[in-house]
Amino acid sequence: MTRTKKSPTQALFDSLAKLYKQGQLLLMDADRLMGERGWAPMHNTALAELSYSMNSPQRWFARWAMRFYMPAMTEGKELLIDRVLFVSIHFASDVNTGLETSVDEPLVCAGRLIYEKPMTVKEVNETYDYWMCKYWFIGKPHDTLEGWRKTGQSRWYKNLKGSEAFSVPLYNITSSEELKHLVIDPLLAVQEKEKKIA
């Protein structure tokens, strides 16, 4: 039997497609795990900042994908939100953009946006942006959360007083259990501990 060898180009595209498929499954699993703990996705998209420009080939492919979460709504109760959580995958460096990132190996970044005053769902949807999942890259080491980084007051949104985020190498997450243990549990532990103190 003759075995057809893939061309190097085909092998590269197959690898990229596989990486994106694994990213999709990870984010869908994050949605499920977050949902089990009372957090709902805020949108149906995963990608942003692709380019159609002939002059920006480095932006023709997804460098990162993200999901943002708010507390799940309870029927008949108006929701006031002062935290938005996120889980994101950073496949590659993002250069020549408003918020550049440098990625040697793919990362999963998770964290939260912290608001000064609680807001309605409508207000929250106007007070966060998809690129905020990149805040880990510009944050400074956190003073109380080991391995986390934080940012301060946003210059774009007056009510956003900062963010807290951490990262895990993407290749360390090989199962749903690892995603829960390495990403979801640490993210929600900080949120739940803060709730108990308040």
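Anything mentioned here points back to the structure above.
The paragraphs below set out a description of the structure included in this document. (Residues numbered from 1 in each chain as written. Predicted model: local features only at pLDDT ≥ 70, side-chain atom pairs only at ≥ 80, totals over all residues. Heavy atoms only, no water.)

Focus on helix α1 (residues 8-36)
So, point 1. Taking 1.5 Å as the rise per residue, α1 with 29 residues should run 42 Å; its terminal C-alpha atoms sit 42 Å apart, in good agreement.
So, point 2. Of the residues making up α1, those classed as buried are Leu19, Gly23, Leu26, Leu27, Asp29, Ala30, Asp31, Leu33 and Met34.
So, point 3. Glycine 38 occupies a position one or two residues after α1 and carries a positive phi of about 90 degrees. (Helix = DSSP H or I, 4+ residues; strand = E, 2+ residues; numbered from the N terminus. Expected span 1.5 Å × (residues − 1). Buried < 20%, exposed > 50% of the residue type's maximum accessible area, 1.4 Å probe, protein only.)

Things to note about the sheet that holds strand β4 (residues 107-119)
So, point 1. Taken together, the seven strands give an open sheet; going across it, the order is β1-β2-β3-β4-β7-β6-β5, and neighbouring strands pair in antiparallel fashion. Every interior strand has two partners, whereas the edge strands, β1 (39-41) and β5 (140-141), have only one.
So, point 2. As paired strands, strand β3 (residues 81-90) and β4 are joined by nine bridges and run antiparallel to one another. Considered in β4, the bridge of valine 84 is made with leucine 113.
So, point 3. The strands touched by α1 are β1, β2 (64-71), β3 and β4; relative to β2, the strand with the most contacts, the crossing angle is about 10 degrees. (Pairing = 2+ DSSP bridges. Contact = heavy atoms within 4.5 Å. Axes fitted to C-alpha atoms, helices over the stretch in contact; angles between N-to-C directions.)

Some thoughts on the nonpolar core
So, point 1. Among the nonpolar cores identified, the biggest contains 29 residues, and Phe68, Val84, Leu113 and Met132 are the most heavily contacted of them.
So, point 2. Mapped onto this core, the elements with two or more residues apiece are β2, β3, β4, α2 (121-125) and β7 (160-169).
So, point 3. The greatest single-element share of this core, amounting to five residues, is contributed by β4.
So, point 4. Within the second largest apolar cluster, 27 residues are counted, among which are Val87, Trp148, Ile173 and Leu179. (Core = buried A, V, L, I, M, F, W, Y, C linked by side-chain atoms within 4.5 Å.)

Notes on the pairing of β7
On a regular strand, each side chain points to the face opposite its neighbour's, so the side chains alternate between the two faces of the sheet.
So, point 1. Across the ten residues of β7, seven count as buried, placing the element largely inside the fold.
So, point 2. Of the pairings in the sheet, the one linking β4 to β7 comprises nine bridges and is antiparallel in character. Residue pairing in the sheet places cysteine 109 in a bridge with serine 167 of β7.
So, point 3. Across three bridges, strand β6 (residues 149-151) lies against β7 in antiparallel orientation. Directly across from threonine 151, in β7, lies its bridge partner serine 163.

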